[in-house]
Amino acid sequence: GKTPHSNAQFLVFCAAVIRAVHKNAVLLRGSVAHAGNDHRLGANEAPPAIISIFLGDMLTDIFEQIEKGGATGTKQGGILHTGVSSLPQLPRDAGDRNRTSPFAFTGNKLEFRAVGSGQSIAFPNICLNVAVAESLDALATELENAVKGGEKLDDAVSRLLTRLVKEHKRIIFNGNGYAQEWQDEAAKRGLLNHRNTVDAFPELVKPDVLKTFEKYKVLNEREVRARLEIAIEQYNKVVNIEGQSMTHLANRYILPAGLVYQKLVAESVSATKAAGVDCAEGRKLLGEVCGLTCE
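The text that follows walks through the structure, step by step, so that each part is easy to find. Keep in mind it's a predicted model, so treat the numbers as computed, not measured.

Helix and strand counts for the protein stand at 12 helices and five strands. Long-range pairs, those at least 24 residues apart, make up 66% of the contacts in the protein with a sequence separation of at least 6. Of the roughly 17,200 Å² of accessible surface on the protein, 55% is carried by carbon and sulfur atoms.

Structure, rendered in structure tokens:
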């Protein structure tokens, strides 16, 4: 809606997702670990390996108000300035966009963006649903107990939201996920940063993760470990194929081309020397090319 600060149901569910992502960051990171993502997350493309949530200016402002005692207003988006006077004014969404966030609010939904392009979405969806289910269960239980104890629901919700923001706000980040400053800041916040699959896989069999899966009868420990074993085997095979392909390309195409170029430079240096001219740059280039081909 246009006034999310007064929409208690929305705020509770949003806070539940924030709690779920923060509490289960190890599970979510492990669920998207595979060979293809080693080249994406925090490297060449897509969001970084650090699990965080982008809320945008509007929701961040609302939760900051809640932390201080209660939300009383919603920040508006304003106008998008294009710099072209001939174009009409365009409304700007207060949530804005951030393509460097692995988990982002984009106007009307939260997106888990770290899933690999060559990866099945099944297991990441299972992990995300388990994480959110656990969070909703915990929040519902707390609210139900508060109401049974005589507290009004609105008061219980207000108290719950304030506590959730204080406990889980460190997972919220609206800046540039690629910046080194965020890597440093995330470390200070104690956020997980597994930059490759080998480091991320063990998180799937941590005791808390296995306990959550079994509590909701989604997967037992044996089933989780079986999936991990298959994932490791697939990872090893893909990395091995990529390594062999790289070696094949280097030996068949790159090295021969390098040797041909090396021969041309060597002939040029030899011809120049035979003509009685000392070309230092030619000798320097030949040394560099020889060094590279020998490596």
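This is not the end of the story, as more comes after the structure.
On to the nonpolar core, then. One finds Ile18, Val21, Leu55, Phe63 and Phe112 to be the most contacted residues of the largest nonpolar core, which totals 46 residues. Of all the secondary-structure elements, those providing two or more residues to this core are helix H1 (8-23), helix H2 (25-31), helix H5 (56-67), strand E4 (103-105), helix H6 (122-148), helix H7 (153-168) and helix H8 (180-189). For this core, the leading source of residues is H1, giving nine residues. Setting aside its immediate chain neighbours within four residues, Val21 contacts Leu28, Ile51, Ile53, Phe103 and Ile171. The next biggest cluster of nonpolar side chains, apart from the first, holds 16 residues, and it includes Val130, Phe201, Val205 and Tyr235.

Evaluated as defined, the whole model comprises 14 salt bridges. For Glu142, the salt bridge is made with Arg163, and the minimal N-O distance between the two is 2.4 Å. On the criterion of sequence distance, the pair formed by Glu142 in helix H6 and Arg163 in helix H7 is long-range, its members being 21 residues apart. A relative accessible area of 30% means that Arg163 is categorised as partly exposed. With its nearest N and O atoms 2.9 Å apart, the salt bridge here joins Glu221 to Arg225. Remark: Arg225 and Glu221 occur in helix H11 (residues 221-274); sequence separation between them is four residues, near one turn of the helix. Three or more residues joined by partner-sharing salt bridges are found here, namely Glu142, Glu151, Arg159, Arg163 and Glu167.

Note on placement: His22 falls in helix H1. The residues contacting His22, other than those within four sequence positions of it, are Glu167, His168, Arg170 and Ile171.

Within the secondary structure, Thr212 sits in helix H10 (residues 207-215). Its relative accessible area of 11% is what places Thr212 among the buried residues. In contact with Thr212, other than residues within four places in its own chain, are Val130 and Glu134.

Cut-offs used in this document
- Residues numbered from 1 in each chain as written.
- Predicted model: local features only at pLDDT ≥ 70, side-chain atom pairs only at ≥ 80, totals over all residues.
- Heavy atoms only, no water.
- Helix = DSSP H or I, 4+ residues; strand = E, 2+ residues; numbered from the N terminus.
- Contact = heavy atoms within 4.5 Å.
- Areas by Shrake-Rupley, 256 points an atom, 1.4 Å probe, with all protein chains shown as cover.
- Core = buried A, V, L, I, M, F, W, Y, C linked by side-chain atoms within 4.5 Å.
- Buried < 20%, exposed > 50% of the residue type's maximum accessible area, 1.4 Å probe, protein only.
- Salt bridge = Lys/Arg side-chain N within 4 Å of Asp/Glu carboxyl O.

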